[in-house]
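Structural overview for review
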Amino acid sequence: MDTLVENVSRSEGVTTNFSYTPNLKFEDTTILSNTSTASNSILDYVNMVSIPICLVTGVLGNTITIILMNTKTFSHFASKYFLIGLAIADTSVLLTQPFKNMFVIRYFGVDLRALSTIGCKFYFCVHKAGKMMSSWFVVYMALERLAAVRFPFKVKIWFSKRNTLIGVGLMMLLITGFTAGYSYCTEIDQNNICNPDLYDRNDPSAVMLYRLMLNTGVTLYFIGPLVILLIATPTIIISLIKHEHDKAKLSQINAKNALARPTAMLLSVMFAYILLVTPIGVVRIIVSNHGVNLFAVKMTWFTTFRDISHFLELINYSINFFLYVCTSRQFRRGFTILLSAKNITNRR
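Residues numbered from 1 in each chain as written. Predicted model: local features only at pLDDT ≥ 70, side-chain atom pairs only at ≥ 80, totals over all residues. Heavy atoms only, no water.

The subject of this paragraph is the side chain of N62. If you trace the backbone, N62 turns up in helix 1 (residues 37–69). Beyond its immediate stretch of four places on either side in the chain, N62 contacts A87, D90, T91, L94 and Y317. (Helix = DSSP H or I, 4+ residues; strand = E, 2+ residues; numbered from the N terminus. Contact = heavy atoms within 4.5 Å.)

At a minimum axis separation of 8 Å, helix 2 (residues 80–96) and helix 4 (residues 117–150) run at an interaxial angle of 150°. Regarding the angle of helix 2 to helix 4, the classification is roughly antiparallel. Crossing angle aside, the handedness with which helix 2 passes helix 4 is left-handed. In contact with Y81, F82, L83, G85, L86, A89, D90, S92, V93 and T96 of helix 2, helix 4 contributes Y123, V126, H127, G130, K131, M133, S134, F137, V138, Y140, M141 and E144. In terms of residue class, the contact of helix 2 with helix 4 is made up of 13 nonpolar, six polar and three charged. (Axes fitted to C-alpha atoms, helices over the stretch in contact; angles between N-to-C directions. Parallel < 35°, antiparallel > 145°, perpendicular 65-115°, else oblique. Left-handed = near helix turned anticlockwise from the far one by under 90°. Nonpolar A, V, L, I, M, F, W, Y, C, P; charged D, E, K, R; others polar.)

All chains considered together, the criterion is met by 13 aromatic pairs. A ring pair is formed by F82 and F159, whose centres lie 6.2 Å apart and whose planes are at 90°; its orientation type is edge-to-face. Taken together, the positions of F82 in helix 2 and F159 in the loop between helix 5 (155–158) and helix 6 (161–182) put the pair 77 residues apart, joining distant regions of the chain. Here F82 matches F159 in class, with each residue buried. Taken together, the ring pairs in this structure connect F74, F77, F321, F322, Y324, F331 and F335 into an aromatic cluster. (Phe/Tyr/Trp six-rings, centres within 6.5 Å; stacked < 30°, edge-to-face > 60°. Buried < 20%, exposed > 50% of the residue type's maximum accessible area, 1.4 Å probe, protein only.)

What follows is about the side chain of S135. With respect to the element layout, S135 can be found in helix 4. The class of S135 is buried, set by a relative accessible area of 1%. Those residues in contact with S135 that sit more than four places away from it in its chain are Y221, P225 and Y273.

Here it is in structure tokens:
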């Protein structure tokens, strides 16, 4: 949802992203102005380093995850479809991320998103949908683990392959439909910049519609998933602790181990989402509620928090593979087998 507040002005030859927010509530106009050139330059240098690193490691890690989830090692893994979907969604965000950054636009001398109106709308549909779907795939994993620890005899029915694919399909249909509808205000502006926030600011109905779409987008991307995760995650942990203390029979111990191992892997993804996405979600809520321009606030605490939040969000889309390696012996074993198979193929 960071693209909801991208700028469309040019200052000293540098294209920056702005959005119009109609109900400005901060009365002290001294805190509002274009971000300084020095600040933009520092952020550019950070992006020039972080984006390529996250892009390469994230896309490679997500690709390996997709391959492993389709092997026999994970053929009976209940959350494999959610992990595959999460990897695809994260990859779509990582691949579209560079085109919205100013150093890329300056390098090419043109906003590649603005080559056509259809391309402009398609870009934001893919970018926004990727972020929202990523959030909801994490929610799906949390719900599946919650069912596994609370209703172990029902989980295979509720999250059967058929039900899982239906649920994923409905989620994708809803989000795709929303982002397609949201693109009504995405146009190429007078500066040849692909702008997601063009609408009639003098029309009260247009302003109301835009704010409704904006708030719905923030809810789908951050508020809704976070509320569910904050409820589901502690419940899962408490249930696992109860299993830990219930060791009266050997079969119960084995059941607990079989439950805890995949749960630890998926819990790491949930924790990462909460820690890495919450900061940028808070920024979005502040922008939405106060009607201030994301890149026009000069207060040091806000600009620092904003830039760190963007960096943490980017890490969220590229870190999952490393979490799987650190928390799952099964994943490490599958990765080792995959590497061994490739080495044998290369020798031949």
